[in-house]
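# Report on the structure
As a plain string of letters, each chain reads:
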2 protein chains.
Amino acid sequence: MYLGMLKADRIFARHLSLPLRGFTMSLLVVGSVAFDTVQTPYGQAEEILGGAATYFSVSASYFTPVRVVAVVGEDFGAAQMRVFEDREIDTRGLERARGKTFRWRGEYHGNMDEAKTLETQLNVFQTFAPKIPPSYLDSSFVFLANIDPTLQRHVRQQINGARLTGCDTMNFWITGKPEELKKTLAAVDVLVINEEEARMLSGTENLPRAAVAIQKLGPATIVIKRGEHGAVLFQRNSIFFAPAFPLEQVHDPTGAGDTFAGGFMGYLAKSGDLSEVHLRRALVYGSVMASFAVEEFGLSRLLRVKPSEIEARFKQFKDMTHFDV
Amino acid sequence: MYLGMLKADRIFARHLSLPLRGFTMSLLVVGSVAFDTVQTPYGQAEEILGGAATYFSVSASYFTPVRVVAVVGEDFGAAQMRVFEDREIDTRGLERARGKTFRWRGEYHGNMDEAKTLETQLNVFQTFAPKIPPSYLDSSFVFLANIDPTLQRHVRQQINGARLTGCDTMNFWITGKPEELKKTLAAVDVLVINEEEARMLSGTENLPRAAVAIQKLGPATIVIKRGEHGAVLFQRNSIFFAPAFPLEQVHDPTGAGDTFAGGFMGYLAKSGDLSEVHLRRALVYGSVMASFAVEEFGLSRLLRVKPSEIEARFKQFKDMTHFDV
């Protein structure tokens, strides 16, 4: 039965080459929805819609139907809801709680390779206990964005039929809840993580060794995000590098990593094929989506990108990386 | 006549696929020869043969005949000379002066992305005035390794028939002799430079913009070295990225950039073809050679590498960067 569905997915993906809304290729994401206040050398923005689940959902929605699990406060209004609705993101898992939405305030300097957090107000996020609507339980692709690893695992365990589960994490959980994080990693297929956090998690500076060490914790596929230096896909027997798209205008790196993960998981869910060829293409699509996200503050550019622009930039990645042997 | 030679070069390169010793494809390098004392997290080495011209020459010698212009002291002995002779590097331009050879002492920490200089003894290098032997004057490829830009230009001006001139520089000259450096840049075709120094030279953090700004100073081709993040080739209408080869064992990064430049220029001199296809391959060969250099202290690994190993790693670069569109 399971194998039959797997095969069916592939046939649909190959012949229709379209996301099938509501069918098994749905991609569930759990994570934060936030209001961000951001300052970069190129400007600032106040209380704009952000959060890992938001960037991920919008990015992935260009490839496949997305279902979001997150919590927002009473200050989350119709304008914010419309962002999800316009991208046809399923918000039945978007819980509205009493209080204010999670807020983050940060700034970037120089080449903007690192965010400096100035203030975090957890608000309704402090007591977030993800609730999975029954209609989400058949999701075949799951992404556990950066939240408490115990909650990540709780979500993972409810989606029994998932064909591929990815997760992200951060230094806060690596140092604060290492045992819980290890249990979560044992239950996922893909870890999408920053370079420095991969080093911290594995306790080794050397990246190929770090990847092997993390693979031993569970995920066979390690995707390492290197910011302006691109991304690397480590599988058990292969390594694939993609550069970051060279932009002359980077205005705001906020959400780049989550947008990347959304493109990566979104493309995989769309293709329904987890072979090497498709994992590589997914890494490039992730890089493409991240490159749009950083061109403007917040979600602005990402909400206006056209499928033809995504495809054009995908081809540009080939032009910038291929050579004749 | 000039065009005829150009065509002949191409025919030789294509059909013989061999460097032709003493013919027009000779590659001249001017730079430092040094004794290095190096400490890394993986060990240490005392007073081993190093210097930009040394790493460059040995690396390039796997592709084409190399001619070196440098100065050494009375402590430069037969063992050191044999390193050059064994690689059939032309040492008629290796001047022996009274005093001691240039010495550098440094260490690397963490992921070894930056050398910390502990001591520099210029010794005979302090009064270095490069002398070009008459037999070097027909060199068709020239590389001006990191020395005083006034001296770089002095060498450049003597090699009138050069088809391609590359140069390197560093923060010391960018801040200390900016006007001299600009005059030198106006007389070269290729600048091979570190990422941070490209930012410093151009006064801009954004790398694509930095490359455009540097192109305006003269060199149409900018090669940016990013250490463990690979290298980028900027031409007027294209960008090409190569990752660094993922090594599980990096013992000593000393000389990696010069070894890279040697592979890059050496391959171009061998091919005799300056088209996009060959510039891209040159960037990959540079990365291949650098990846061998860092596997052991000093020149050890580089002196033992086999042509078949170079070709195998070149193909691995393709496997790690290509994807299906």
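Quick look at the structure, then. (Residues numbered from 1 in each chain as written. Chains lettered and ligands numbered in written order. Predicted model: local features only at pLDDT ≥ 70, side-chain atom pairs only at ≥ 80, totals over all residues. Heavy atoms only, no water.)

So, about the interface of chain A and chain B. At the interface, 36 residues of chain A touch 36 residues of chain B. Taking both sides of the interface into account, the surface hidden between chain A and chain B amounts to around 3,500 Å²; carbon and sulfur atoms contribute 57%. The tally of links between chain A and chain B comes to two salt bridges. With a closest N to O distance of 2.9 Å, R199(A) and E228(B) form a salt bridge. Our count for the contact surface shared by chain A and chain B stands at 20 residue pairs in polar contact (both at pLDDT 80 or more). When residues of the side of chain A that touches chain B are traced back to their parent elements, those giving at least two are α7 (195-202), α8 (207-215), β13 (238-242), α10 (276-293) and α12 (307-321) of chain A. Looking at which element gives the most residues to the side of chain A that touches chain B, the answer is α12(A), with seven residues. Within the side of chain A that touches chain B, the residues separate by chemical class into 16 nonpolar, seven polar and 13 charged. (Contact = heavy atoms within 4.5 Å. Buried area = accessible area lost by both parts, 1.4 Å probe. Salt bridge = Lys/Arg side-chain N within 4 Å of Asp/Glu carboxyl O. Polar contact = N/O pair within 3.5 Å; in protein donor to acceptor, adjacent residues only side chain to side chain. Helix = DSSP H or I, 4+ residues; strand = E, 2+ residues; numbered from the N terminus. Nonpolar A, V, L, I, M, F, W, Y, C, P; charged D, E, K, R; others polar.)

Next up on the list: the relation of the copies chain A and chain B. When chain A is fitted to chain B, the residual RMSD is 0.0 Å, and the transformation amounts to a turn of 180 degrees plus an axial shift of 0.0 Å. With respect to symmetry, the two chain copies, as superposed, fit the operation of a two-fold axis. Take the interface residues of chain A: 100% of them recur as interface residues in chain B, which is what a same-surface contact looks like. (Least-squares fit on C-alpha atoms with pLDDT ≥ 70 in both.)

With that out of the way, let us pick up the packing of α7(A) against α8(A). All names here are of chain A. Taken N-terminus to C-terminus, the directions of α7 and α8 make an angle of 60 degrees; their axes are 9 Å apart at the nearest point. With respect to their mutual orientation, α7 and α8 come out oblique. The interaxial crossing formed by α7 with α8 has left-handed handedness. From α7, E195, A198, R199, L201 and S202 reach across to α8, where they touch L207, A210, A213 and I214. Split by residue class, the contact of α7 with α8 holds six nonpolar, one polar and two charged. (Axes fitted to C-alpha atoms, helices over the stretch in contact; angles between N-to-C directions. Parallel < 35°, antiparallel > 145°, perpendicular 65-115°, else oblique. Left-handed = near helix turned anticlockwise from the far one by under 90°.)

Now for the pattern of salt bridges. Residues and elements named next belong to chain A. On inspection of all chains with the given rule, the structure shows 40 salt bridges over all chains. The salt bridge involving E47 is made with R103; its shortest N-O contact spans 2.9 Å. With E47 in strand β3 (residues 43-50) and R103 in strand β6 (residues 102-108), this pair connects stretches of sequence that are 56 residues apart. For R280, the salt bridge identified is with E276, shortest N-O distance 2.6 Å. Of this pair, R280 and E276 both sit in helix α10, four residues apart, which is roughly one turn of that helix. Classification of R280 by relative accessible area gives buried; the value is 10%. (Buried < 20%, exposed > 50% of the residue type's maximum accessible area, 1.4 Å probe, protein only.)

Residue and element names in this part refer to chain A. What the nine strands build is an open sheet, ordered β5-β4-β1-β8-β9-β10-β11-β12-β13; its pairing is mixed. Edge strands, defined here as strands with exactly one partner in the open sheet, are β5 (90-96) and β13. The mean inter-strand angle of the sheet, taken between neighbouring strand axes irrespective of direction, is 15 degrees. Strand direction decides the pairing type here: strand β1 (residues 27-30) and strand β8 (residues 141-144), joined by four bridges, are parallel. Within β8, the residue paired with L27 across the bridge is F141. Against the sheet, helix α4 (residues 149-158) engages β1, β8 and β9 (164-167), with an angle of about 170 degrees to β8. Strands in contact with helix α9 (residues 256-271) are β1, β8, β9, β10 (190-194), β11 (221-225) and β12 (231-235); relative to β8, the strand with the most contacts, it is inclined by about 165 degrees. (Pairing = 2+ DSSP bridges.)

This next bit is on the environment of P149(B). All names here are of chain B. Checked against the element boundaries, P149 lands in helix α4 (residues 149-158). Placed 36 residues apart in sequence, P149 and L185 show a C-alpha to C-alpha distance of 8.6 Å. Every residue in contact with P149, bar those within four places of it in the chain, is listed here: W173, K177, E180, L181 and T184.

Glancing now at the packing of aromatic side chains. Under the definition given, this model contains 24 aromatic pairs over all chains. Pairing F125(A) with F128(A) gives two aromatic rings, centres 5.5 Å apart and planes at 20 degrees, and the pair type is stacked. Owing to a relative accessible area of 7%, F128(A) belongs among the buried residues under this scheme. An aromatic cluster is built from F63(A), F240(A), Y267(A), Y285(A), F314(A) and F323(B), whose rings are joined through pairwise contacts. Above the plane of the ring of Y62(A) lies R87(A), whose end atom (NZ or CZ) is 3.6 Å from the centre. (Phe/Tyr/Trp six-rings, centres within 6.5 Å; stacked < 30°, edge-to-face > 60°. Lys NZ or Arg CZ within 6 Å of the ring centre and 35° of its normal.)

On to the nonpolar core, then. Core analysis: the biggest nonpolar cluster contains 98 residues, and V33(B), F264(B), L283(B) and I310(B) have the highest contact counts within it. No other element matches helix α10 (residues 276-293) of chain B, which puts 10 residues into this core. Ignoring any residue separated from it by four or fewer positions in sequence, one finds L283(B) in contact with V223(B), A231(B), V232(B), L233(B), F240(B), A242(B), F260(B) and F264(B). Grouped together as the second largest cluster of nonpolar side chains are 97 residues, Y267(A), F317(A), I224(B) and I239(B) included. (Core = buried A, V, L, I, M, F, W, Y, C linked by side-chain atoms within 4.5 Å.)

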